Amino acid sequence: MERFISCISVLGVLLAASFCQHAEAGKLRFSSDGQFKIVQVADMHYADGAHTKCLDVLPEEMATCSDLNTTAFQWRMIKQEHPDLVVFTGDNIFQRDSSNATASLIAAFAPVIEARIPWAAVLGNHDQEGHMTREEVMAFIVKMDYSMAQMNPNFLHGDRTTIDGYGNYIIEVEGPAGSMFENKSLLNLYMVDSGDYSFIPQVSYYDWIKSNQQVWLQQASAEIQKAYRGVKPRPQTKAASALAFHHIPIPESFTTPNASNLGEKNEASGSPSLNSGFLTTLITMGDVQAAFTGHDHLNDYCGAADGPLFLCYSGGFGYHAYGKAGWPRRSRVITAYLNGNAASWDDVSHIQTYKRLDDDGFTKIDEQTLYTNYVLSPE
């Protein structure tokens, strides 16, 4: 089966660090009509398939509900949305309830692999709670078919052990085939490992994105922006847009909904009690338009923080994850559109999002624009 790989060739030269772990067999790029669609899957909590029962569904659904409902929902999203990429934002498996973590991982990602859709994943706080360590889980994901996932990159003239976590990497989305930007990224996807639990007794519960991860991301973003502004045949005049994906939400804008939020807040945010400054990092990078998380299954709202930079929950996807009976499982869809036309595509014009509910009507809700940068075509 053909394997899709993310390869950042320019960074590999500039930073003397390979972001590409295998020989390239395929690239992500915008479609011929200038669009790129991502489906976000948050918190599958997959375990043992038909033997794993659902949580928090209606009484009449309980008898026949299992992990297979999660599988069916994933297939439903694939067939409805035809995504260019599926991003799994952590707690992909619930290893504590799994009898075989490897089998759970294979079953959890089976739909995207069978559909031959490129996919990426970050880890949550439940993926490693069993016989497989966090590093082993991510290493397994990296090797799966159609996976774009990577372990950590080199830390700018250092080695990869200097970055905390497993699964900090960047995926480039290049321009449409045949366009001036067909070999240059117009959209960068920053995948960040937000950890699991606090290792400091004085800091309660959840982990946070560490300073060395943020320094790596800042420097990598700066190098990408510098590199592509000077690369022929058509240098970019501004930074390519970027999106960030991680599991545990950061404190800002998640604690109290603001006026720009669209969606529901049904539980307190499970963000870390220590604020590591990740929002400031994203804003000062200058290219990130939105960040997408999971973790809190009953929150699906999306609103602008400072910048403006949107912070978005997806809502719970998996049926073996806690939820609320009568509140359908859901998935977020993110689509980036390019300025221009087939004769001359340019940078990202706007980014939109909405959610799909796993209900009878497969309801589409909360359409929202996260970024606009329209360029008027000359008459």
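Check the entry above for the structure.
Below or above, wherever it landed, is the structure these notes cover. (Residues numbered from 1 in each chain as written. Predicted model: local features only at pLDDT ≥ 70, side-chain atom pairs only at ≥ 80, totals over all residues. Heavy atoms only, no water.)

## Observations concerning the overall build of the protein
What counts is decided by this rule: Elements are defined by DSSP. Helices are runs of H or I of four residues or more, strands are runs of E of two residues or more, and each kind is numbered from the N terminus. Exposure is judged per residue with a 1.4 Å probe applied to protein chains only, and the accessible area is read against the type maximum: over 50% gives exposed, under 20% gives buried, and values in between give partly exposed. We call two residues contacting when some pair of their heavy atoms lies within 4.5 Å.
The number of helices and strands found in the protein is 8 helices and 12 strands. The buried share of the protein, taken over its 379 residues, is 59%. For the protein, contacts bridging at least 24 residues in sequence account for 69% of all contacts bridging at least 6.

## A few points about the sheet that holds strand E9 (residues 310–313)
Note the following rule: Should DSSP find at least two bridges between two strands, the strands are taken to pair. With axes taken as lines fitted to C-alpha atoms, and helix axes fitted only over the stretch in contact, angles between N-to-C directions fall between 0 and 180 degrees.
Across the sheet, 6 strands lie side by side as E4-E5-E6-E7-E9-E8; this open sheet has mixed pairing. Lying at the two open borders of the sheet, with one neighbouring strand each, are strand E4 (169–174) and strand E8 (302–304). Between one strand axis and the next, the sheet turns by 20° as a mean value, whatever way the strands run. Both E8 and E9 contribute to a ladder of 3 bridges, which runs antiparallel.

## Looking at the pattern of salt bridges
The cut-off we apply is this: Salt bridges are identified by distance alone: a Lys or Arg side-chain nitrogen within 4 Å of an Asp or Glu carboxyl oxygen.
Across all of its chains, the model carries 13 salt bridges by this definition. Taking the shortest distance from any N to any O, the salt bridge between Arg29 and Glu174 comes out at 3.5 Å. Pair noted here: Arg29 is in the loop between helix H1 (9–14) and strand E1 (35–41) and Glu174 is in strand E4, with a separation of 145 residues, a long-range link. Residue classification places Arg29 among the partly exposed residues on the basis of a relative accessible area of 24%.

## Some thoughts on the state of the cysteines
Inclusion rule: The criterion for a disulfide is a pair of cysteine sulfur atoms lying within 2.5 Å.
Inspection of every chain in the model, using the stated rule, returns 2 disulfides. Each sulfur of the disulfide joining Cys302 and Cys312 lies 1.9 Å from the other. Of this pair, Cys302 sits in strand E8 while Cys312 sits in strand E9, and the two are 10 residues apart along the sequence. Cys312 matches Cys302 in its accessibility class, with the two residues each being buried. By sequence-ordered numbering of the bonded cysteines, the protein has its disulfides arranged as 1-2, 3-4.

## Some words on the packing of aromatic side chains
Put simply, the rule reads: Two rings from Phe, Tyr or Trp (for Trp, the six-membered ring) form a pair when their centres sit within 6.5 Å of each other. Planes less than 30 degrees apart are called stacked, planes more than 60 degrees apart edge-to-face, and all others tilted.
For the structure shown, the criterion picks out 12 aromatic pairs. Seen in terms of ring centroids, Phe73 and Phe362 are 6.4 Å apart; in terms of plane orientation they differ by 80°. Their pairing is edge-to-face. Of this pair, Phe73 sits in helix H3 (residues 67–81) while Phe362 sits in the loop between strand E11 (344–357) and strand E12 (364–372), placing them 289 residues apart in sequence. With centroids separated by 5.8 Å and ring planes inclined at 90°, the aromatic side chains of Phe88 and Trp119 adopt a geometry described as edge-to-face. Remark: Trp119 occurs in strand E3 (residues 119–122) and Phe88 occurs in strand E2 (residues 85–89); sequence separation between them is 31 residues. Taken individually, Phe88 and Trp119 each receive the classification buried, so the pair is uniform in this respect.

## Brief notes about the sheet that holds E2
Read across the open sheet, the 6 strands follow the order E3-E2-E1-E10-E11-E12; overall the sheet is mixed. At either end of the open sheet lies a strand with only one pairing partner, and these are E3 and E12. The sheet shows a mean angle of 20° between the axes of neighbouring strands, taken without regard to direction. In the sheet, E11 pairs with E12 via 6 bridges, with the strands oriented antiparallel. Pairing of Thr353 across the sheet is with Gln368, part of E12.

## Details of helix H7 (residues 211–229)
Convention followed: Expected helix span is given by 1.5 Å per residue-to-residue step, counting one fewer step than there are residues.
In this model H7 runs 27 Å from its N-terminal to its C-terminal C-alpha over 19 residues, within 8% of the 27 Å that 1.5 Å per residue would give. Taken together, the buried positions of H7 are Asn212, Gln213, Gln214, Trp216, Leu217, Ala220, Ser221, Ile224, Gln225, Ala227 and Tyr228.

## Considering the packing of H7 against helix H8 (residues 278–285)
Put simply, the rule reads: Throughout this description, any angle smaller than 35 degrees is read as roughly parallel, any larger than 145 degrees as roughly antiparallel, any in the 65 to 115 degree range as roughly perpendicular, and the remainder as oblique.
Running from N to C, H7 and H8 cross one another at 10°; their axes reach a closest spacing of 10 Å. By the angle between their axes, H7 is roughly parallel relative to H8. On the side of H7, the interface is formed by Gln214, Leu217, Gln218, Ser221 and Gln225, while H8 contributes Phe278, Thr281, Leu282, Thr284 and Met285.

## Some thoughts on the nonpolar core
As a reminder, the rule being used: Here the nonpolar core consists of buried residues drawn from Ala, Val, Leu, Ile, Met, Phe, Trp, Tyr and Cys, with membership extended through side-chain atoms lying within 4.5 Å.
Core analysis: the largest hydrophobic core is formed by 66 residues, its most contacted members being Phe109, Trp119, Leu189 and Leu243. Apart from the residues lying within four places of it in its own chain, the contact partners of Phe109 are Met44, Phe88, Asn92, Trp119, Ile141 and Met144. Judged by nonpolar contacts, the second largest core, of 22 residues, contains Ile209, Phe278, Leu279 and Ala305.

## With respect to helix H6 (residues 134–143)
Defined as follows: When we speak of the arc, we mean the arc of directions from the helix axis to the C-beta atoms.
All of the buried residues along H6 are Arg134, Val137, Met138, Ile141 and Val142. Projection of H6 onto a plane perpendicular to its axis shows the buried side chains occupying an angular sector of 135°, all on one side. Contacts made by the buried residues of H6 are with helix H4 (101–108), E3 and E4.

## A closer look at the environment of Cys302
When its relative accessible area of 0% is taken as the criterion, Cys302 is described as buried. With 40 residues separating them in the primary sequence, Cys302 and Leu262 have C-alpha atoms 5.4 Å apart. Discounting residues that sit within four places of it in the chain, Cys302 has contacts with Ser260, Asn261, Leu262, Phe310, Leu311, Cys312, Arg332, Gln368 and Leu370.

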